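Coordinate inspection notes
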Amino acid sequence: MPDLSITSTNLLAPTQHNCPARDAMDEPENEPREECGVFGVWAPGEDVAKLSYYGLYALQHRGQEAAGIAVGDGSQVLVFKDLGLVSQVFDEQTLGAMVGHVAIGHCRYSTTGSTTWENSQPIFRTTDAGSGVALGHNGNLVNTADLASRARDLGIASGAATSDSDIVGALLAHGAADSTIEQAAMELLPTLRGAFCLTFMDEHTLYAARDPHGVRPLSLGRLDRGWVVASETAALDIVGASFVRDIEPGELLAIDADGVRSSRFAEPTPRGCVFEYVYLARPDSVIHGRSVHSTRVEIGRRLAREFPADGDLVIPVPESGTPAAVGYAQESGIPYGQGLMKNAYVGRTFIQPSQTIRQLGIRLKLNPLKEVIRGKRLVVVDDSIVRGNTQRALIRMLREAGAAEIHVRIASSPVRWPCFYGIDFASPAELIANGMESEEHMVEGVRQAIGADSLGYISIDEMIAATDQPASSLCAACFDGNYPIELPKETSMGKAVLEQMLANAAAGDARIDPLTVPNDNANAVLRP
């Protein structure tokens, strides 16, 4: 255990947890990754480190690569972070040593920068005045290369971290040299392009900001003795905070002993991510006043009307397909059943599977209830199809277990395009629905590829209608290719853009354009 009694604003060195990189067995489908989760609390007299810990626990589904917490006590900022799950990074002794009245927390999945300790968050910087700034970021910026060039010209670029979040932290701390952090943020935030929900802090004050499009959710909650901000309302529930309101697009909040101050750094042009409702967010969260669970049940009802099936039993692919399967069963009148059992403890595989076990594939996670499905015409409801590997293996397994027919219904539209705003999909070349000549050919091609008797995806219009939000206020770019935030040149995008800049600099080539980053996602937007 590292020594926690350190000088003001120092960053703790990493502990040596056994947290290997994500094993291919864990995610055979290259499922969409749930970007990151951010949490913040200002509450004198409360155990803010533990509140942050439990808040991150509630947000663990949004990022499983790394976790961290920063705490301020009025005189110093202490940061502890490491690779691994929240429960692996923190223990009672660590949390007990992190005493203060203000804290932020972060759980990470990388959308810019590799999975390294340096890229884990909260990131930490010291201002010229000697105060500390810690920052956590959920989302993805599309002008990272320009911001990195600006930081380099100012001589404040980090040589180790390669994330857009580190660049933002560096620029924020630099801007606070001649002003307050709040003033520096008001100058910096309008220059950021893309999706961002930020929680940041100094020794005294908690800050939270949301991009002008409000792509990712961010909410404000009230404690008896303080305030909480979190990526999802479920995290407010976990720590006993009452929901106050969503933080508005283009809004900066500052929370300290004087209360909550709101500033507007940009005019709001809401384009919230529809995939949060469909897949990313916890079903017990509420986004823009709409229950995620209710949305998914409604998607199932609409899916049943669009693509009915002659079946004996509706079963979900647990857990994310469950609400839509309930809705499908309610609307169709076909009985709902639990035909697949999920092993809740299969997430990250630390023991490498043998070849025999590896060939079992999906059975590590799902196993059929043979007595339930034998001889039945099944309607199998899943949340999405990415490459089709999981569905192909699942259908083979169900047939071997005795299913008479298998009709697959998907509770999202076909994913055809990459996301540049904080979701890490498989590359477009791997997306099974990408590049098909027509919708009809695509559906038939996917049906044959996975071996289903029939296949139906909910349409984009019906999917959006289920959210109760106007289509004009939602981003559905991964489904329709219409990107609401302007994208830069393809050479300036990509998960490894900053690593490539560092490599160029090391080779004596400081050019930003072209970056020659191998990036299938970026190239995809150029396709007809």
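Residues numbered from 1 in each chain as written. Predicted model: local features only at pLDDT ≥ 70, side-chain atom pairs only at ≥ 80, totals over all residues. Heavy atoms only, no water.

With that settled, consider the UniProt feature "binding site: [4Fe-4S] cluster" (unreviewed entry) in the chain. The feature "binding site: [4Fe-4S] cluster" (unreviewed entry), as given by UniProt, occupies C273, C419, C475 and C478 in the numbering adopted here. Across 206 residues, the annotated set stays spatially compact, with a maximum C-alpha separation of 10.2 Å. Position of C273 among the secondary structure elements: in strand β14 (residues 272–273). With relative accessibility at 7%, the residue C273 sits in the buried group. Every residue in contact with C273, bar those within four places of it in the chain, is listed here: V215, R216, I423 and C475. Relative to the assigned elements, C478 resides in helix α16 (residues 477–480). By relative accessible area, which is 8% here, C478 ends up buried. C478 has contacts with F275, P414, V415, R416, W417 and F425, leaving out every residue within four places of it along the chain. (UniProt positions renumbered as here; feature names shortened; annotations may be inferred. Helix = DSSP H or I, 4+ residues; strand = E, 2+ residues; numbered from the N terminus. Buried < 20%, exposed > 50% of the residue type's maximum accessible area, 1.4 Å probe, protein only. Contact = heavy atoms within 4.5 Å.)

The full count for this structure, using the stated rule, is zero disulfides. Lacking any disulfide linkage, C475 is separated from the closest cysteine sulfur, that of C273, by 6.2 Å. (Disulfide = S-S within 2.5 Å.)

In this section: the nonpolar core. Counting 46 residues, the largest nonpolar core has F275, V314, Y328, Y421 and F479 as its most contacted members. Looking at this core, the elements with two or more residues in it are α8 (274–280), α9 (292–306), α10 (322–332), β20 (377–382), α15 (460–465), β23 (474–475) and α16. Residue contributions to this core peak at six residues, all from α8. Inspection of this core shows a minimum of three residues originating in each of domain 1 (37–270) and domain 2 (290–470). Setting aside residues no more than four positions away along its own chain, F479 makes contact with V274, F275, S412, S413, P414, V415, R416, W417, I460 and M463. (Core = buried A, V, L, I, M, F, W, Y, C linked by side-chain atoms within 4.5 Å. Domains from an automatic or database assignment.)

Quick look at the UniProt feature "binding site: Mg(2+)" (unreviewed entry) in the chain now. Here, the residues flagged by UniProt with the feature "binding site: Mg(2+)" (unreviewed entry) are S320, D382 and D383. A stretch of 64 residues holds the annotated residues, and the largest C-alpha distance among them is 7.3 Å, short enough that they meet in one place. By the secondary structure assignment, S320 is in the loop between β17 (313–316) and α10. Each residue touching S320, except ones within four places of it in the same chain, is listed here: Y279 and D383. A polar contact of 2.3 Å, which involves the side chain of S320, links it to the side chain of D383. Looking at where D382 falls in the secondary structure, it is placed in strand β20. Among the residues examined, D382 registers a relative accessible area of 6% and is labelled buried. The contact partners of D382, leaving out residues within four places of it in the chain, are V317, Q391, R409, I410 and A411. One polar contact links D382 to Q391, side chain to side chain, over a distance of 2.8 Å. (Polar contact = N/O pair within 3.5 Å; in protein donor to acceptor, adjacent residues only side chain to side chain.)

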